[in-house]
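Observations on the model geometry
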Amino acid sequence: MDNRKLEQLKQEYIDIQIPEELEFVVRRSIIQGRKNMKKKNNIKKIKIVSGSIAASVALLIAGVNTSPVMAQNLSNLPVVGGIIKVLTFREYKVDENNYNADIKVPEIQGLENEELQNSLNEKYLNEGKELYDQFMEDIEDLEKDGEGGHLGIDNGYIVKTDTDKILSIGRYVVNTVGSSSTTFKYDTIDKEKQILITLPSLFKDGTYVDIISDNIKSQMKEQMKSDESILYWIEGDEEAIDPFEKISSEQSFYINDEGKLVISFDKYEVAPGSTGTPEFVIPTETISELLVGNEYIK
Amino acid sequence: MVNNLENQLEDFIIKNREPFYRLAYSYVKNVDDSLDVVQESIYKAFSSIDSLKDFGYIKIWFYRIVVNVSLDLLRKKKREIITDEDFLLANDTGTIDNYADIDLENALESLPEDYRSIIVLRFFEDLKLEEIAVILEKNISTVKTRLYKGLEMLRISMDD
């Protein structure tokens, strides 16, 4: 979309005519609004709950996999020598006409640190539940508008890294409305110490944000130089509306099985959709000075 | 103190009534409904003034009310609008009207609500992505994604 078209749309927006009675309506409404305030305690809000949509959609909950056999069937993803495992805890499925959802909630088993295990599992469950609720709400909105249309969501998880030391679980959400968007979130666990590794916890101080960002920017530039079909939105690109400046201090990351730090971005976060979900392996020598130790990153 | 906030809200609304009206109009597309949205939003603003913790957020807070009221009204009116369109079609004389760039405007209209809102708020109201995220109650990466998707969709439908 070139800027001229955007300017034209903006002009049309600015040209929306303001009716003369606007000021009158505004002033009258303010007086009424202030009056209503005084008696608002007497007004009870009534919420109308519509259940028709929920009833018409087939919902399958696979249930809690208390039996190990069933768990194996659902997801054949035993992870660590039978001790620490990632399983599908629950699956939400909607498959009706134009609405398809497949939401898999992972569960970590076998961590001795139960507090960590419970908090992660609870988080995954909430994420899944939230996605499911949001999806049902979206369907309801579409039905209400009578427009129809296709809605799809695919949510699942992959084990990115599983070494003696490290377990990195990535959860992805693919949202389909016309085209699709994908987001990735990771958790990385130190299996020996049984702790969750956060990005800031790897570094001595906050300077890693700038150093890593600079490295990613130069990687982006290099990639664009060597391959014309690759595009990232970075500073200096006139077309970019919100160019990439720096990573967030809590940017998505994982540690790969070679012990390298990998920074991940969502689809559309730093590049057009065609680039997918970019990942950048940060060379360890760039950050070695900043690391707390070389226990995880090598 | 509270009274003071009410007065500030009143001043703010009077001062910014035109942007609010435009925003409402960008959703509901006619004068009467836009005025209704403005009126309803003002009622809502005063009755929920407790939820405005800090006057610094008043702009985002009020925009959010306007967007929600507009969407509510659109939903309520949906059936009637369809009837109106049928009526218009049935009575169409077939004369071709001349509108400049109706395609461009249509392209924007054809985007899903959220996508259109984000483009309107970002480019026409010059709001920051963070602010839009709060107004639309979405997280920032969703807003960003939808902004780019919206732009992509616009380009696709205009190039066709």
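Counting restarts for each chain: residues are numbered from 1 in the order of the written sequence. Chain A is the first chain written and ligand 1 is the first ligand written, with later ones labelled in order. This being a predicted model, a pLDDT of at least 70 is required before a residue's local features are given, and a value of 80 or more before pairs of side-chain atoms are given or counted; all residues contribute to the totals for chains, interfaces and linings.

On to the overall build of chain A, then. The way it works is that DSSP assigns letters per residue, a run of H or I at least four long becomes a helix, a run of E at least two long becomes a strand, and they are numbered from the N terminus. Across its full length, chain A carries seven helices and ten strands. Classification of the 298 residues of chain A by burial places 26% in the buried group. Distance between backbone-placed C-beta atoms decides contact: two residues are in contact if it is within 7 Å. Taking contacts inside chain A between residues at least 6 apart in sequence as the whole, the part at least 24 apart equals 56%. Counts of 20 or more other C-beta atoms within 10 Å of a residue's own C-beta define buried residues, counts of 12 or fewer define exposed ones, and intermediate counts define partly exposed ones; C-beta atoms are placed from the backbone.

Here we take up the confidence of the model for chain A. Segments scoring low in pLDDT should not have their predicted coordinates read at a detailed level. Residues and elements named next belong to chain A. On a scale of 0 to 100, pLDDT captures the predictor's confidence in every residue. Across chain A, pLDDT averages 76, with 79% of residues at or above 70. Mean pLDDT across the elements of chain A ranges from a minimum in helix α3 (residues 52–56), with 31, to a maximum in strand β9 (residues 261–264), with 94. Considering only residues more than four positions removed or in separate chains, one finds that residues 40–82, a stretch of pLDDT under 50, has 44 contacts.

Residue-level contacts link 39 residues of chain A with 41 residues of chain B. Elements with a minimum of two residues in the side of chain A that touches chain B: α1 (3–14), α2 (22–38), α5 (114–145) and β6 (179–190) of chain A. Ten residues, namely Ala, Val, Leu, Ile, Met, Phe, Trp, Tyr, Cys and Pro, are considered nonpolar, four, namely Asp, Glu, Lys and Arg, are considered charged, and the remaining ones, Gly among them, are considered polar. When its residues are assigned to classes, the side of chain A that touches chain B shows 15 nonpolar, eleven polar and 13 charged.

Residues and elements named next belong to chain A. Spatially, the three strands line up as an open sheet ordered β8-β9-β10, and their pairing is antiparallel. Of all strands in the sheet, those bounded by a partner on one side alone are β8 (253–255) and β10 (279–282). On average, each strand axis in the sheet is tilted by 25° relative to the strand beside it, whichever way the strands run. Strand pairing requires that DSSP identify at least two bridges connecting the strands. Pairing of β8 with β9, which is carried by three bridges, proceeds in the antiparallel orientation. Each residue of the ladder has a partner; that of F253, found in β9, is I263. Convention adopted: a line fitted to C-alpha atoms gives each axis, helices being fitted over their contacting stretch, and angles between N-to-C directions are expressed from 0 to 180 degrees. Sitting on the sheet, helix α6 (residues 208–226) is in contact with β9 and β10, with an inclination near 120° to β10.

With that settled, the discussion passes to helix α2 (residues 17–28) of chain B. Residue and element names in this part refer to chain B. A helix's residues, less one, multiplied by 1.5 Å, set its expected span. Over its twelve residues, α2 runs 16 Å from end to end, which matches the ideal 16 Å to within 8%, given 1.5 Å per residue. Across the twelve residues that make up α2, a large majority, nine, are buried. Buried within α2 we find F20, Y21, R22, L23, A24, Y25, S26, Y27 and V28. Note on α2: the residue one or two positions beyond its end, K29, has a positive phi of about 65°.

All names here are of chain B. Positive phi, normally seen in glycine, also occurs at K29, with a value near 65°. Here K29 lies in the loop between α2 and α3 (31–47). Given 13 C-beta atoms within a 10 Å radius, K29 is considered partly exposed. A positive phi angle, near 55°, is found at E137, a position not held by glycine. With respect to the element layout, E137 can be found in the loop between α7 (129–135) and α8 (140–159).

We now examine the packing of α2(B) against α3(B). All names here are of chain B. Running from amino to carboxyl end, α2 crosses α3 at an angle of 125°, the nearest separation of the two axes being 8 Å. In terms of orientation, α2 lies oblique with respect to α3. Two packed elements cross with a definite hand, and for α2 against α3 that hand is right-handed. Between α2 and α3, the residues in contact are F20, Y21, A24, Y25 and V28 and D33, S34, V37, V38 and S41, respectively. For the contact of α2 with α3, a count of residues per class yields seven nonpolar, two polar and one charged. Any angle from 65 to 115 degrees is called roughly perpendicular, while one under 35 is roughly parallel, one over 145 is roughly antiparallel, and all others are oblique. By the definition used in this description, the sense in which the near helix is turned from the far one sets the handedness, with an anticlockwise turn below a right angle giving left-handed and a clockwise turn giving right-handed.

Next up on the list: the pairing of strand β3 (residues 99–109) of chain A. Residues and elements named next belong to chain A. In terms of residue burial, β3 counts as a mostly covered element, since eight of its eleven residues are buried. Examined bridge by bridge, strand β2 (residues 85–96) and β3 share eleven bridges and lie antiparallel to one another. What sits directly across from D95, in β3, is N100. In this antiparallel pair of consecutive strands, β2 and β3, the connection spans two residues, and N97 shows a positive phi of 40°. Of the strand pairs in this sheet, β3 and strand β4 (residues 151–162) are connected by five bridges, and their pairing is parallel. Bridging from a neighbouring strand, A101 pairs with I153 of β4.

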